[in-house]
There are 2 protein chains.
Amino acid sequence: MRDELRPGERPLALPSGFDAGLYFIGRIRTPWRDRSECPKNARGSDAVCTVEVEPRYAEALTGVEAASHLILLYWMDRARRDLAIQVPRHHERPRGTFSVRSPVRPNPVALSVVQLIGRDGTSLKVVGLDCLDGTPLLDIKPYLPSVDSRPEAMMAPPAL
Amino acid sequence: MRDELRPGERPLALPSGFDAGLYFIGRIRTPWRDRSECPKNARGSDAVCTVEVEPRYAEALTGVEAASHLILLYWMDRARRDLAIQVPRHHERPRGTFSVRSPVRPNPVALSVVQLIGRDGTSLKVVGLDCLDGTPLLDIKPYLPSVDSRPEAMMAPPAL
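Residues numbered from 1 in each chain as written. Chains lettered and ligands numbered in written order. Predicted model: local features only at pLDDT ≥ 70, side-chain atom pairs only at ≥ 80, totals over all residues. Heavy atoms only, no water.

*Asks:* Please explain the pattern of salt bridges as it appears in this structure.
*Replies:* Pairing between side chains becomes possible if they bear opposite charge and their charged atoms approach one another. All names here are of chain A. Under the counting rule described, the total for this entry stands at 20 salt bridges over all chains. Notably, a salt bridge pairs aspartate 139 with lysine 141, separated by 2.8 Å at the nearest N-O pair. Accessibility assignment for this pair places aspartate 139 and lysine 141 in one class, buried. A salt bridge links arginine 150 to glutamate 152; the shortest N-O distance between them is 3.1 Å. We classify glutamate 152 as partly exposed; its relative accessible area is 44%. Connected through salt bridges with shared partners, the residues Arg29, Arg33 and Asp133 form a single ionic network. (Salt bridge = Lys/Arg side-chain N within 4 Å of Asp/Glu carboxyl O. Buried < 20%, exposed > 50% of the residue type's maximum accessible area, 1.4 Å probe, protein only.)

*Asks:* Mind showing me how you'd approach the packing of aromatic side chains here?
*Replies:* Between two aromatic rings, the relevant description is the distance of the centres plus the angle of the planes. Applying the stated criterion across every chain yields a total of 4 aromatic pairs over all chains. Taken together, a centroid distance of 4.9 Å and an interplanar angle of 40° make the contact between tyrosine 23 of chain A and phenylalanine 18 of chain B tilted. In this pair, tyrosine 23 of chain A is assigned in the loop between strand S2 (20–22) and strand S3 (26–29) and phenylalanine 18 of chain B in the loop between strand S1 (10–11) and strand S2 (20–22), connecting two distinct chains. (Phe/Tyr/Trp six-rings, centres within 6.5 Å; stacked < 30°, edge-to-face > 60°. Helix = DSSP H or I, 4+ residues; strand = E, 2+ residues; numbered from the N terminus.)

*Asks:* What am I meant to see in the relation of the copies chain A and chain B here?
*Replies:* Note that the two copies of the chain are related through a rotation about an axis and a translation along the same axis. When chain A is fitted onto chain B, the two copies agree to an RMSD of 0.0 Å after a turn of 180° and an axial shift of 0.0 Å. Such values leave the two copies arranged in the relation of a two-fold axis. Of all interface residues in chain A, 100% are interface residues in chain B too; the two copies therefore contact each other through one and the same surface. (Least-squares fit on C-alpha atoms with pLDDT ≥ 70 in both. Contact = heavy atoms within 4.5 Å.)

And the structure:
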């Protein structure tokens, strides 16, 4: 967790308390032990990673292998949460927090679309992650191209 | 929140405490006041909905309109969290919780890909939601087709 502000970054005042609570339902095992080792984005690596789901949720995995691709939600537990304007690692310029996919955000819930390679009990082999080894898992959803795939989406150059 | 189990549903034992906390960063305004009115899925309606972000996060919206599409994460606050096997409204058969997109899950974080129509201060007009009016907002991310769009994804028929 970094505490110092980079040039151009601006903090915001978070509320004094939380509104809802999360359970960590498992852990993600990846080859990357330090943020500097992580791929720049999820398409930057073909590494097969392992999603280890806690045994209490075993039955909830029934039928998960019907999906070729999954959406994983996970918790970026090392990220600060109080920046309105930030300078992410791979951008030169300050950006609004909700205009980037950086882990730094009020609720550091990350999502990745992964290809499901196989399942062994409560362990899933997937391709398409870029997070640190040990990252807490929050949810597993089937990827539905009818609602989730929007190949026509575009990003204009940022005008800050 | 429904308490009774439908035939075929199976509960799980949730942990005794939470592992992390969430802030509600705004509210989603939709035309639907009751779950029976909601479209079956996010492609089921062309309704323009409004995302009202709390003023404390205003600056974090800087540049958000560069994206034609956004990913919204929101909190399904009326859903029970303790089902391993469930019978969702639009399925006839019991399904594993992580094999469906139902709001019923240990962490009821829903995600929708929406088209951004316009922004007026902290208010965003979007198309592509199917949630109840007043649903708490958790996060706004730009949709990046390079990592988020997987038109080749497939769902096999469930084999339960």
